[in-house]
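Okay, here's what each chain looks like letter by letter:
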Amino acid sequence: MEQSSVQRLARVLRVMVIVVFACNLAALPIAPSLVYWYANQGELDYRLTIGNSALNLWLHGLSRVWKSSPYAFMLALFLVVCGVCTAVILWQGKRVLGTVLKGNPFVMDNAKSLKTAAVCCFLVSGAALLRLIWGLAAYGNILPLLSYNALFVPIFLMGGLLFMVMSALFRQAAQLKAENDLTI
């Protein structure tokens, strides 16, 4: 059967999503170690080498960042939360594109996947807002308002709202499709 242009596009997008998902999973465990390294001007502990397991890097880096400085700890925690939420969003996107490739996008699973992605967007927006408020309180000036955190709040809030709207649309389309399948 000939694939439609939408299915060809979905195939390309699915490959791209899988590649970005793999990069996200590769970077997530080493984020705290890299923050620790950055906070200490390049001083890297011998235990934080590529040969270590990802879990060891993550746990050791997070424990070292905790002792390093409050800024480094907040940055590492923020990056880990955002990385986990981004991984979930990408996985949900892969699931939705999989149903598009099968030629059956209007199913309840897609509505659930989009709702999960919306929740993750709201979590990233909330984490950015908390980090922004923490920065305003810790530094006592408005400079944190000029950081990327100030942009993450409305961008991911709008993304979450868009995912919620798309989830409702897919849910409605799935219900209509189910009703139409029952009629003769």
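I will try to describe carefully the structure that is included in this document. Since we're looking at a predicted model, the values are computed, not measured.

Turning our attention to the nonpolar core. Membership of the largest hydrophobic core is limited to 11 residues, which are Phe78, Cys82, Cys85, Ile89, Ala117, Cys120, Cys121, Val124, Ala127, Ala128 and Val153. Counting only elements with at least two residues in this core, the list comes to helix H4 (70–102) and helix H5 (108–139). The biggest single contributor to this core is H5, with 6 residues. Not counting chain neighbours up to four residues away, the residues in contact with Cys120 comprise Cys85, Val88 and Ile89. Ala10, Val17, Leu97 and Val100 belong to the second largest nonpolar core, which has 8 residues in total.

Take a nonpolar patch on the surface next. A cluster of nonpolar side chains, Leu9, Val12, Leu13 and Met16, forms an exposed patch at the surface whose accessible area comes to about 360 Å². Mapped onto the fold, Val12 is located in helix H1 (residues 5–27). For Val12, a relative accessible area of 45% gives the class partly exposed.

We now examine the state of the cysteines. As enumerated under the stated definition, the model contains 0 disulfides in all. You can see Cys82 has no disulfide; the closest cysteine sulfur is in Cys85, sitting 6.8 Å from it. Counting only cysteine sulfurs, Cys120 is the nearest neighbor of Cys85, a cysteine outside any disulfide, at a range of 4.6 Å. For Cys85, a relative accessible area of 5% puts it in the buried group.

This paragraph deals with the packing of aromatic side chains. Tallied over the full model, the rule gives 7 aromatic pairs. Ring centres of Phe78 and Phe152 lie 6.0 Å apart, and the angle between their planes is 35°; on these two criteria the pair is classed as tilted. Residue Phe78 is found in helix H4, and its partner Phe152 is found in helix H6 (residues 148–182); the two are separated by 74 residues along the sequence. Taken together, the ring pairs connect Phe78, Tyr148, Phe152 and Phe156 into an aromatic cluster.

The next subject is the environment of Ala31. Along the polypeptide, Ala31 turns up in helix H2 (residues 31–39). Taking the C-alpha atoms as reference points, Ala31 and Leu79, 48 residues apart in sequence, are found 6.9 Å from one another.

This part takes up H6. Here H6 contains 35 residues, and its C-alpha end-to-end distance of 50 Å stays within 8% of the 51 Å for a straight helix at 1.5 Å per residue. Burial in H6 covers these residues: Asn149, Ala150, Val153, Gly159, Gly160, Ser167, Phe170 and Ala174. Summarising the contacts, the buried residues of H6 are in contact with H4 and H5.

Conventions adopted
Residues numbered from 1 in each chain as written. Predicted model: local features only at pLDDT ≥ 70, side-chain atom pairs only at ≥ 80, totals over all residues. Heavy atoms only, no water. Core = buried A, V, L, I, M, F, W, Y, C linked by side-chain atoms within 4.5 Å. Buried < 20%, exposed > 50% of the residue type's maximum accessible area, 1.4 Å probe, protein only. Helix = DSSP H or I, 4+ residues; strand = E, 2+ residues; numbered from the N terminus. Contact = heavy atoms within 4.5 Å. Patch = residues over 30% accessible without salt bridge, like charges linked within 9 Å, V, L, I, M, F, W, Y side chains within 5 Å. Areas by Shrake-Rupley, 256 points an atom, 1.4 Å probe, with all protein chains shown as cover. Salt bridge = Lys/Arg side-chain N within 4 Å of Asp/Glu carboxyl O. Disulfide = S-S within 2.5 Å. Phe/Tyr/Trp six-rings, centres within 6.5 Å; stacked < 30°, edge-to-face > 60°. Expected span 1.5 Å × (residues − 1).

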